[in-house]
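Structure assessment
So you can see what is in the structure, the chains are spelled out below.
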Amino acid sequence: MNDTLKIQLANYVGAYQSIAAPAPAERPANPVLTENEKKVLIEAEKAWATYSSSPEGKKELAAVENMELPELQAYVAGLPDKPVFSKLIKWIRSLDLPDSSFSIGLTVEAELIIGFTATLGVAVGIGNSAGVQSCEFLSVSLEAGVQAGVLAGVQFGLWNQAPANLGGNANGIELDLGADIEFSGALYFNLSGLRGVTLTVGVGVEDGIALVETYTFILGDQGVDPYIKPVVQPRKSNFLIIESLKCVHPSNDGAGDENEVYFIFQADGDTAYPYPTYDYFSMKEGDTWNCGRSVWFNSSVAVTVYDEDGTSDDDVVGTFSISLSQLALNKSITFKSTKDYSSGLDKVEYTINVKLIAQNVPHKTE
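Note on numbering: residues in each chain are counted from 1, in written sequence order. With pLDDT at 70 or above as the cut-off, local features in this predicted model cover only qualifying residues; side-chain atom pairs require 80 or more to be listed or tallied, and sums for whole chains, interfaces and linings still use all residues. The basis for every side-chain value is the complete set of heavy atoms in the structure, and neither hydrogens nor water enter the calculation.

Notes on unusual backbone geometry
The amide bond that connects tyrosine 275 to the next residue, proline 276, takes the cis arrangement and shows omega of -10°. With phi around 60°, asparagine 330 is a residue other than glycine that occupies positive phi space. Helix and strand labels come from DSSP, where a helix needs a run of H or I of at least four residues and a strand needs a run of E of at least two; each type is numbered from the N terminus. If you trace the backbone, asparagine 330 turns up in the loop between strand S16 (315-323) and strand S17 (332-336). Of note, asparagine 360 is a non-glycine position whose phi angle comes to about 55°, a positive value.

A closer look at the confidence of the model for the protein
Looking at any residue, its pLDDT shows the predictor's confidence there, from 0 to 100. Averaged over the protein, the pLDDT score is 84; the fraction of residues at 70 or greater is 85%. Ranking the elements of the protein by mean pLDDT puts helix H1 (residues 3-17) last, at 83, and S17 first, at 97. A low-confidence stretch, residues 203-207 (pLDDT under 50), is modelled with ten contacts involving residues beyond four sequence positions or located in other chains. A contact between two residues is defined here by any heavy atoms of the two lying within 4.5 Å.

Overview of the environment of glutamate 35
Tracing the backbone through its elements, the reader meets glutamate 35 in helix H2 (residues 35-53). Considering only alpha carbons, one finds glutamate 35 and leucine 97, 62 residues apart in sequence, at a separation of 9.6 Å.

Some remarks on the packing of H1 against helix H4 (residues 69-77)
Relative orientation and spacing of two packed helices are given, respectively, by the angle between their axes and the distance between those axes. Here an angle of 0 to 180 degrees is reported between the N-to-C directions of two axes, which are lines fitted to C-alpha atoms, with helices fitted over the stretch in contact. Contact pair H1 / H4: the axes reach a minimum separation of 9 Å and the direction vectors enclose 80°. Relative to H4, the element H1 is oriented roughly perpendicular. When H1 is examined against H4, the residues Leu5, Gln8, Leu9 and Tyr12 are found in contact with a partner set consisting of Leu69, Pro70 and Leu72. Note that Gly is not counted as nonpolar here; it falls among the polar residues with everything else outside the nonpolar set of Ala, Val, Leu, Ile, Met, Phe, Trp, Tyr, Cys and Pro and the charged set of Asp, Glu, Lys and Arg. In terms of residue class, the contact of H1 with H4 is made up of six nonpolar, one polar and no charged. Just so you know how the angles are binned, under 35 degrees is roughly parallel, over 145 roughly antiparallel, 65 to 115 roughly perpendicular, and the rest oblique.

Quick word on the pattern of salt bridges
Salt-bridge detection follows one rule: a side-chain nitrogen of Lys or Arg within 4 Å of a carboxyl oxygen of Asp or Glu. For the structure on display, the rule yields seven salt bridges. Notably, a salt bridge pairs aspartate 3 with lysine 6, separated by 3.9 Å at the nearest N-O pair. Taken together, the residues span about one helical turn, with aspartate 3 and lysine 6 both in helix H1 at a distance of three residues. Here aspartate 3 falls in the partly exposed class, since its relative accessible area comes to 35%. When the shortest N-O distance is used, the salt bridge between lysine 236 and aspartate 268 registers 3.0 Å. Remark: aspartate 268 occurs in the loop between strand S10 (258-267) and strand S11 (272-275) and lysine 236 occurs in the loop between strand S8 (212-219) and strand S9 (238-249); sequence separation between them is 32 residues. A cluster of three or more residues bridged by salt bridges with shared partners is formed by Glu56, Glu60 and Lys82. For every residue, the accessible area obtained with a 1.4 Å probe (protein chains only) is divided by the maximum for its type, and the residue is called buried under 20%, exposed over 50%, and partly exposed between those limits.

Considerations on the packing of aromatic side chains
We call Phe, Tyr and Trp rings a pair once their centres come within 6.5 Å, taking the six-membered ring for Trp, and we label the pair stacked below 30 degrees between planes, edge-to-face above 60, and tilted otherwise. By the definition in use, this model includes 16 aromatic pairs. Residues tyrosine 262 and tyrosine 306 carry aromatic rings whose centres are separated by 5.2 Å and whose planes lie at 10° to one another, so their mutual orientation is stacked. Linking tyrosine 262 in strand S10 with tyrosine 306 in strand S15 (residues 300-307), this pair joins segments that are 44 residues apart in sequence. For tyrosine 306, a relative accessible area of 21% translates into the label partly exposed. Seen in terms of ring centroids, phenylalanine 263 and tyrosine 275 are 5.6 Å apart; in terms of plane orientation they differ by 45°. Their pairing is tilted. Residue phenylalanine 263 is found in strand S10, and its partner tyrosine 275 is found in strand S11; the two are separated by twelve residues along the sequence. Of the aromatic side chains, those joined through ring pairs into one cluster are Phe263, Phe265, Tyr273, Tyr275, Phe281 and Trp289.

Here's what the structure looks like:
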């Protein structure tokens, strides 16, 4: 797995960590799979064996190792159109099943500061939901002791919800699928009860999973302001901390005497990261926000501070340009905005304190 994909997936893990955890869910009794449900999982296993051993499958799975998230998402979304899976899904839709969705997903294990497992998949309607459209999804969970950057296998799932309703929190735990099914099974549930069961097939897949908490994102057009905002930074040569932001004088936006502040930082003209990722910090005149935002960079960092406005475009209240030549190791430096955003009687002023923590750090460039 390439490092870019790790970072892309880790951004979803970061988003998951920012979501308040629900109350613990009580594990339901193990479901008794119907004969048709067992047949579905057995036939799904056979279909994967056929595909993965075919010349086409071998070639495509070898290419997966070098894919980034958009390309991998497109590949997974196209799996139901492969002849072997198209035939499988058509057969599944002909069966009398209590389930509402059937899913195919690739499961990967990776470590980037923390270990995590991610399943990128596509779900199609079956049973009573046979006429509804499919959805693409990404399920993530934190894991200890994962193998760093490996394709752990393919996951097939039978779910109680229609494809568009698969998102949200769930718990997963090992499930014995019976003697007819040789591979790893899992039961998923939340506060509403049983969500579904999965079968994971692949080299390196263990006999089962311990109790894990998962979150499933329904993927699609995120718009110009996507919910999944970038969080994880690639390592660069130098490391600084934006220690604090001070409101010398807030912008008068007509909504009181304080600003709802967040900032965007961008290292070396690369990815722009918001902070806080999904919120803001209220600041009045004289307030100091000890934000403690770390930044990897090579030569420069640009910071733009905004006052969030719920009714119109957010107002810029400060811009800062920080170059390595302006910094000294382990010394706090105060920066003033490169532009004066005061207008008329509105004396807007913010400053930031920055400290260089590490310099010339060895790192991979590929």
